[in-house]
Amino acid sequence: MTIHLNRRHLLLSGAGLALAGCANGITPAEAARRLPSTQAAMDRHVAAGHVPGISVGVRMPDGQDVFLEAGSLDFDGAAAADEDTLWRIYSMTKPVTGAAAALLIEDGILTLDTPVAEFIPEFANMTVVIDRTSGLDARPATRTMTVRHLLTHTAGFTYHFFGDQPVANAYSRAGIFPVTGYNLSPRDIDAPQVRDLDAMARALADIPLMYEPGTEYLYSISLDVLGLVIQRASGMSFPDFVQRRLFDPIGMDDTVWRLRGAGERRRFAALYNYADGGRQVVDPVAETAYAEPVTLFAGGAGLVSSTRDYLAFLTTILDDGRAGRVRVMAPETARLIRTDILPEGVNPENGAFRFGFGGGIGLPDGDTPGEFGWGGAAGTQGWLDPVRRTAGTIMLQQFGQSAPVAGDIRAAIATDIAAG
């Protein structure tokens, strides 16, 4: 099967529009009254068959969490989609990994300028490709790769599905595709997926970087590499660290690397590929790879989550590190996560946005200055706006859908919030 991914959608779907809001303990009817344009947009796209179901969570400026739902988990009459439905969030995993790294900075174990090779000595002698289009001839890197570079996609790595070029093809041959179940690439993969983060690092050490670290923004596997830094720096496995320091204190009970039984499978949304004018199931729920054992914990694209959970994660950062009465991180750590930390002189996508801890940041002179967030390959989005004191997440599952489902919903949320 060919899955067509729009690179710009991957880069920008989580950064750059307005919104948010949220309210616990209100009925669906009350939620729809608070966000009428949003509910109408969701209902319209479901009725048109663009997706079977959608779940939205919004932190309102008054501090309430509002959840909206439309449709069902699949087109075959499954249960209704809601705030507890489970969704493949792909690259919305990246801000979670960024937050985990921020906790190690708070602990005094890492800094933004810690050399990556201090914890991944396999990278002590990295090289840089001489001609990115014609081969793998390389020269020694002259700049030191740092934690900052991993957080901001400026380390010099790439993705295996970004074009038919030598470094990406080398990733494919080495099995470096840190996603669950399938590889997101229109091309066949040449080798089995690397088994774990240690094996990934060993394989990457033999492949040149695309750029000198700190000189260019290139969306990449750098947050996956950061997972290994977190693992080695913390002295516990990467998933254990994330579980103990983020998921448990925030109460993210439904954010997992692997479905834990039949109950979770029944709440797992179907994923469809709409490319080429058709509609094909991808990763069928009955045989989903997300129910299989995990050995490669992909900090860039590996998690399943719910609307309720991801909104709780975002609002913890928005609320300066508090999840309700629980202090998850220091206020300055939460603010650091949503701070522009790009190396000097680097401008992603010709200056379309800035970058923080695994997520994009709205430009100071843009429509949503300081907004922090990111999106996932299957259409999910998550963001927080410290200026408007709002946050939001949109959950749906699709590849190749031409209808602007999430974009329409984000615009509707902005309209509803502006209307008060």
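A brief report on the enclosed structure follows. (Residues numbered from 1 in each chain as written. Predicted model: local features only at pLDDT ≥ 70, side-chain atom pairs only at ≥ 80, totals over all residues. Heavy atoms only, no water.)

## Remarks on the overall build of the protein
Turning to step 1, where the next piece is worked out: When its secondary structure is counted, the protein shows 13 helices and 16 strands.
Turning to step 2, where the next piece is worked out: Computed over C-alpha atoms, the radius of gyration of the protein comes to 20 Å, within 12% of the 22 Å expected from 2.2 N^0.38 for 420 residues, which places it in the range of a compact globule.
Turning to step 3, where the next piece is worked out: By its C-alpha atoms, the protein is 60 × 45 × 40 Å across when sized along the principal axes.
Turning to step 4, where the next piece is worked out: The buried share of the protein, reckoned over its 420 residues, is 58%.
Turning to step 5, where the next piece is worked out: Contacts in the protein between residues far apart in sequence, at least 24 positions, make up 70% of those at least 6 positions apart.
Turning to step 6, where the next piece is worked out: Total accessible area on the protein is roughly 15,400 Å²; 47% of this is exposed by carbon and sulfur atoms.
Turning to step 7, where the next piece is worked out: For the protein, the centre of its 35 positive side-chain charges and the centre of its 48 negative side-chain charges are spaced 3 Å apart. (Helix = DSSP H or I, 4+ residues; strand = E, 2+ residues; numbered from the N terminus. Rg over C-alpha atoms; globule rule 2.2 N^0.38 Å. Buried < 20%, exposed > 50% of the residue type's maximum accessible area, 1.4 Å probe, protein only. Contact = heavy atoms within 4.5 Å. Areas by Shrake-Rupley, 256 points an atom, 1.4 Å probe, with all protein chains shown as cover. Lys, Arg positive; Asp, Glu negative; His and termini not counted. Charge placed at Lys NZ, Arg CZ, Asp CG, Glu CD.)

## Structural notes on the pattern of salt bridges
Turning to step 1, where the next piece is worked out: Within the structure shown, the criterion is met by 19 salt bridges.
Turning to step 2, where the next piece is worked out: Across the pair D84 and R308 runs a salt bridge, and its minimum N-O distance is 2.9 Å. Pair noted here: D84 is in the loop between β2 (65-71) and β3 (87-88) and R308 is in helix α11 (residues 307-318), with a separation of 224 residues, a long-range link.
Turning to step 3, where the next piece is worked out: For D84, a relative accessible area of 24% corresponds to the partly exposed category.
Turning to step 4, where the next piece is worked out: Residue classification places R308 among the partly exposed residues on the basis of a relative accessible area of 33%.
Turning to step 5, where the next piece is worked out: Note that R354 and D340 form a salt bridge whose closest N and O atoms lie 2.8 Å from each other. Residue R354 is found in strand β11 (residues 354-355), and its partner D340 is found in the loop between α12 (331-337) and β11; the two are separated by 14 residues along the sequence.
Turning to step 6, where the next piece is worked out: A relative accessible area of 17% means that R354 is categorised as buried. (Salt bridge = Lys/Arg side-chain N within 4 Å of Asp/Glu carboxyl O.)

## Thoughts on unusual backbone geometry
Turning to step 1, where the next piece is worked out: Residues other than glycine seldom take positive phi values, yet H153 does so here, at roughly 60°.
Turning to step 2, where the next piece is worked out: Within the fold, H153 resides in the loop between α5 (147-151) and α6 (166-174).
Turning to step 3, where the next piece is worked out: Although it is not a glycine, R389 sits at a positive phi angle of roughly 60°.
Turning to step 4, where the next piece is worked out: Tracing the backbone shows R389 in the loop between β14 (381-385) and β15 (390-395).

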